[in-house]
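Each chain, letter by letter, is given below.
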Amino acid sequence: MGRSTSMLHSLCLVVALLCVCVVEAEDAYKFYTWTVTYGTLSPLATPQQVILINGQFPGPRLDLVTNDNVVLNLINKLDEPFLITWNGIKQRKNSWQDGVLGTNCAIPPNSNYTYKFQTKDQIGTFSYFPSTAFHKAAGGFGGLNVYHRSVIPIPYPNPAGDFTLLIGDWFKTNHKTLRQTLDSGRSLGLPDGLLINGQTRPTFTGNQGQTYMFRISNVGLSTSINFRIQGHKLKLVECEGSHTLQNFYDSLDVHVGQSVSLLVTLDQPPKDYYIVASTRFTTKDLTTTAVLHYANSGSPASGPLPPAPPANKYDWSMQQATSYRWNLSANAARPNPQGSFHYGKITPTKRFLFASTAPLINGKLRYAVNSVSYVNSDTPLKLADHFNIPGVFDTSSLQSNPSNGAARIATSVVPTALHDFIEVVFQNNENAMQSWHLDGYDFWVVGYGFGQWSPNSRNTYNLVDALTRHTAQVYPNSWTAILVSLDNQGMWNMRSSIWERQYLGQQFYLRVWNAQQSLANEYNIPNNALLCGKAVGRHP
């Protein structure tokens, strides 16, 4: 009897210790409260209305760690409904927190919504920005950095520090006026200038002989940018959540919506050096500078700016893009090697060829995919799907291949199934750069090419170490091919990252569906979900 009691006590002690370990091992929670307001600043020396978050422009930087749980209460003090989307965060099983009009009701003025999401199995440089009503043209964007857990090594020495550089084009015109221009059926044209962290000449200070991480995100509306630092080499180490082969570059093209992480060693004589960002493939070059300041500097930056790559040389940029390779010998956010999933040996279950056009519909400029220009519904598609509300979206309007029919407007959804493995080809038949993003996912960018894509183009695909990322550029009169493993159930936005195009219809949604509803596949609708449109009055 005594022996049994002793064994029972020992068993209880073991169980208790296990419970303590489970509690202590729970991923950290980070709590934030953000208040969104208007303010007046002069980013390009002209006073204008901007969007502030907690009084900041750009907004606060989110510094997170892999698997952190974020609880962020956003209070909207604007005069318009507002949403933020988390650019590149995968939102595993949780499209309810995606922050776009297909998944969320916008937060009304003088109201709030609490986002709850996890940076599950991610490391890297990302960003956030407003997704509604062309608010991105007024600000509301910021950096979102996910650092590795201490138990997960990274394939380079820890840098002495890191700098977040949010680079993008900027209009002096109020976002509501820009919106009216688009609503009238006219294009916005070239922006007025470029900003780095909302400024035209910020300074970044480091110590001679040390190596620093530069986290670069193109948060602009429309233009690709080239980034370079006078007298310094750039070592690419990470791109949108993936460790890369660590090649050196004199400069890098970063397209709209994209992010990269670079290591830069301060190995030059102690002085100040120009950091340069300039537009690519535009009728007029826009350039801005920042300063890399050595802490022991004896003189200001001087001399000519480092030269930009050849103007309008798309082949130069495409060759650079194909040099970005996945580091198969490095871990990801988990210990397993990144190359353990052999994407190149999987036969796609579905194939899509999406061709872009810029038609006139009812006499107004629109942007279309396979002749369909997207329009938002008053009811988020995710809510309509959840509550089985008919007539909100159309799963038959957008075909898997281009058609020769007249361009039309629809709330287009592409039906797919959970665990499909799909091939998507973006065919750009226009003379302008494009940039495509898929919420909730990363994907393998397996090929670029000039001209028209054909089945023979598959012979050029990189099926060994193509980079995974969340945003892919498509060069004029060219194509880009991606492979996507649809392992994340939900309603996911596939859109142009060039915001004029997104606003005027160059987007749609992927419905990644499974008949068996399970928490193993997708979380339940949150209790605090905002309800609007035909979902009003329903119970979450």
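The residue numbering used here restarts from 1 in each chain and proceeds along that chain's sequence as written. Under the rules for a predicted model, residues below a pLDDT of 70 receive no local features and side-chain atom pairs below 80 are neither given nor counted, while totals for whole chains, interfaces and linings still include all residues. Calculation of side-chain values draws on the structure's entire complement of heavy atoms; hydrogens and water are dropped beforehand.

K.L.:
Give a description of the environment of Ile152 that names residues and reports values.
P.N.:
A run of DSSP states H or I qualifies as a helix once it reaches four residues; a run of E qualifies as a strand once it reaches two. Both are numbered from the N-terminal end. Inspection of the secondary structure assignment puts Ile152 in the loop between β8 (142-147) and β9 (161-170). Remark: the alpha-carbon pair of Ile152 and Arg334, spanning 182 residues in sequence, is separated by 6.8 Å. Contacts: residue pairs with any heavy atoms within 4.5 Å of one another. Ignoring anything within four residues of it in the chain, the contact list for Ile152 reads Ile123, Asn331, Ala332, Ala333, Arg334 and Pro335.

K.L.:
Please set out the pairing of strand β34 (residues 490-496) residue by residue, giving values where relevant.
P.N.:
Accessibility here uses a 1.4 Å probe with only protein chains present; expressed as a share of the type maximum, an area under 20% marks a residue as buried, one over 50% as exposed, and anything in between as partly exposed. Among the 7 residues that make up β34, 7 are buried, leaving the element largely enclosed by the rest of the structure. Pairing between two strands is assigned when DSSP locates at least 2 bridges connecting them. With 6 bridges joining them, β34 and strand β35 (residues 507-513) adopt antiparallel strand pairing. Its bridge partner lying in β35, Trp492 is registered against Leu510.

K.L.:
Go over the environment of Lys176 with me, naming the residues and quoting the values.
P.N.:
By secondary structure assignment, the location of Lys176 is in helix α2 (residues 175-183). Sequence separation of Lys176 and Asn462 is 286 residues, and the distance between their C-alpha atoms is 43 Å. Here the side chain of Lys176 touches Asp79 through a polar contact of 2.6 Å, side chain to side chain. Polar contact is defined as a pair of N or O atoms within 3.5 Å, subject to the rule that within protein one atom must be able to donate a hydrogen and the other to accept it, and that residues adjacent in sequence are counted only when both atoms are side-chain atoms.

K.L.:
Describe the pattern of salt bridges, with residues and values.
P.N.:
By salt bridge we mean one thing: a side-chain nitrogen of Lys or Arg within 4 Å of a carboxyl oxygen of Asp or Glu. On inspection of all chains with the given rule, the structure shows 18 salt bridges. Its salt-bridge partner being Lys30, residue Asp68 comes within 2.7 Å of it at the nearest N-O pair. Here Lys30 lies in strand β1 (residues 29-41) and Asp68 lies in the loop between β3 (62-65) and β4 (69-76), a separation of 38 residues in the sequence. Its relative accessible area of 3% is what places Asp68 among the buried residues. Here Glu423 ties to Arg458 by a salt bridge, and the two come within 2.9 Å at their closest N and O atoms. A residue pair is termed long-range when its members are at least 10 positions apart, and Glu423 in strand β28 (residues 421-428) and Arg458 in the loop between β30 (443-450) and β31 (468-469) qualify at 35 residues.

K.L.:
Give a description of the nonpolar core that names residues and reports values.
P.N.:
By size, the foremost hydrophobic cluster in this structure holds 44 residues, and its most contacted members are Leu165, Phe214, Ile216, Phe227, Leu262 and Ile275. Look past the residues within four positions of Phe227 in its chain and what remains in contact with it is Leu165, Ile167, Phe214, Ile216, Leu234, Ser251, Leu252, Leu262, Ile275 and Val276. By size, the runner-up hydrophobic cluster in this structure holds 32 residues, among which are Phe281, Trp436, Val445 and Met494. The term nonpolar core refers to a set of buried residues drawn from Ala, Val, Leu, Ile, Met, Phe, Trp, Tyr and Cys, joined through side-chain atoms within 4.5 Å.

K.L.:
Which residues make up the sheet that holds strand β32 (residues 471-474), and what are the values?
P.N.:
Judged by pairing direction, the sheet is mixed, and its 5 strands sit side by side in the order β27-β35-β34-β29-β32 without closing on themselves. Because the sheet does not close on itself, it has two edges, and the strands there are β27 (413-417) and β32. Taking each pair of neighbouring strands and ignoring which way they run, the sheet shows an average axis angle of 20°. Axis lines are fitted to C-alpha atoms, over the contacting stretch for helices. Their N-to-C directions set the angle, which ranges from 0 to 180 degrees.

K.L.:
Run through the sheet that holds strand β17 (residues 251-254), naming residues and quoting values.
P.N.:
Within the open sheet, the 5 strands sit side by side as β11-β20-β19-β13-β17. Their pairing is mixed. The open sheet terminates on both sides in strands that have one partner only, identified here as β11 (203-206) and β17. Taken pair by pair, the neighbouring strands of this sheet meet at an average axis angle of 20°, ignoring direction. Two elements, strand β19 (residues 272-280) and strand β20 (residues 287-294), share 7 bridges in a ladder whose sense is antiparallel.

K.L.:
Explain the packing of aromatic side chains to me, and be specific about the residues and the numbers.
P.N.:
The pairing test for Phe, Tyr and Trp rings, Trp by its six-membered ring, is centres within 6.5 Å, and the orientation test on the planes gives stacked under 30 degrees, edge-to-face over 60, and tilted for anything in between. Applying the stated criterion to the full structure yields 29 aromatic pairs. Between Phe163 and Tyr212, the aromatic rings sit 5.5 Å apart at their centres with planes inclined by 20°, giving stacked as the arrangement. Remark: Tyr212 occurs in strand β12 (residues 211-218) and Phe163 occurs in strand β9; sequence separation between them is 49 residues. With a relative accessible area of 14%, Phe163 lands in the buried category. For the ring pair Trp326 and Trp444, a centre distance of 6.2 Å and an interplane angle of 75° mean the geometry is edge-to-face. Of the two residues, Trp326 is situated in the loop between α3 (314-322) and β21 (350-357) and Trp444 in strand β30; the sequence distance between them amounts to 118 residues.

K.L.:
Account for the confidence of the model for the chain, naming residues and giving values.
P.N.:
As a per-residue measure, pLDDT reflects the predictor's confidence and takes values from 0 up to 100. Mean pLDDT over the chain: 94, with 94% of residues reaching 70 or higher. Confidence drops under pLDDT 50 across residues 1-24; counting only partners more than four residues distant or on other chains, this segment forms 0 contacts.

K.L.:
Please give an account of the side chain of Asn462 that cites residues and values.
P.N.:
Here Asn462 shows up in the loop between β30 and β31. Taking the relative accessible area as the measure of exposure, Asn462 reaches 16% and is therefore buried. One polar contact links the side chain of Asn462 to the main-chain amide nitrogen of Val464, over a distance of 3.0 Å. Once residues within four sequence positions are removed from consideration, Asn462 is found in contact with Arg325, Tyr343 and Val446.

K.L.:
Report on the side chain of Asn104, specifying residues and quantitative values.
P.N.:
For Asn104, the position within the fold is in the loop between β5 (84-87) and β6 (111-118). A polar side-chain atom of Asn104 sits 2.6 Å from the main-chain carbonyl oxygen of Trp96. Beyond its immediate stretch of four places on either side in the chain, Asn104 contacts Leu83, Ser95, Trp96, Gln97, Asp98, Gly99, Tyr113 and Pro380.

K.L.:
Before we move on, can you summarise α3 with the specific residues and values?
P.N.:
In an α-helix, one turn spans 3.6 residues; hence positions three or four apart end up facing the same way. Those residues of α3 lying buried are Ser317, Met318, Gln320 and Ala321. Down the axis of α3, the buried set is contained in an arc of 160°. They therefore lie on one face. Packed against the buried residues of α3 are β16 (248-249), β17, β19, β30, β32 and β33 (478-485). The directions from the helix axis to the C-beta atoms are what the arc is built from.

K.L.:
Any details on the environment of Leu305? Residues and values, ideally.
P.N.:
Turning to its location among the elements, Leu305 is positioned in the loop between β20 and α3. Residues Leu305 and Val276, spaced 29 residues apart in sequence, show a C-alpha to C-alpha distance of 7.4 Å. Residues within four places of Leu305 in sequence aside, it is in contact with Tyr274, Val276, Thr287 and Thr289.

K.L.:
Help me get a handle on unusual backbone geometry, residues and values and all.
P.N.:
Omega for the bond connecting Phe57 with Pro58 falls within 30 degrees of zero, at -10°, which places this linkage in the cis form. Locating Pro58 in the fold gives a position in the loop between β2 (48-53) and β3. Positive phi outside glycine occurs at Asn370, with the angle close to 50°. Within the element layout of this structure, Asn370 appears in the loop between β24 (368-369) and β25 (372-374). On the basis of relative accessible area, Asn370 is assigned to the buried category, the value being 3%.

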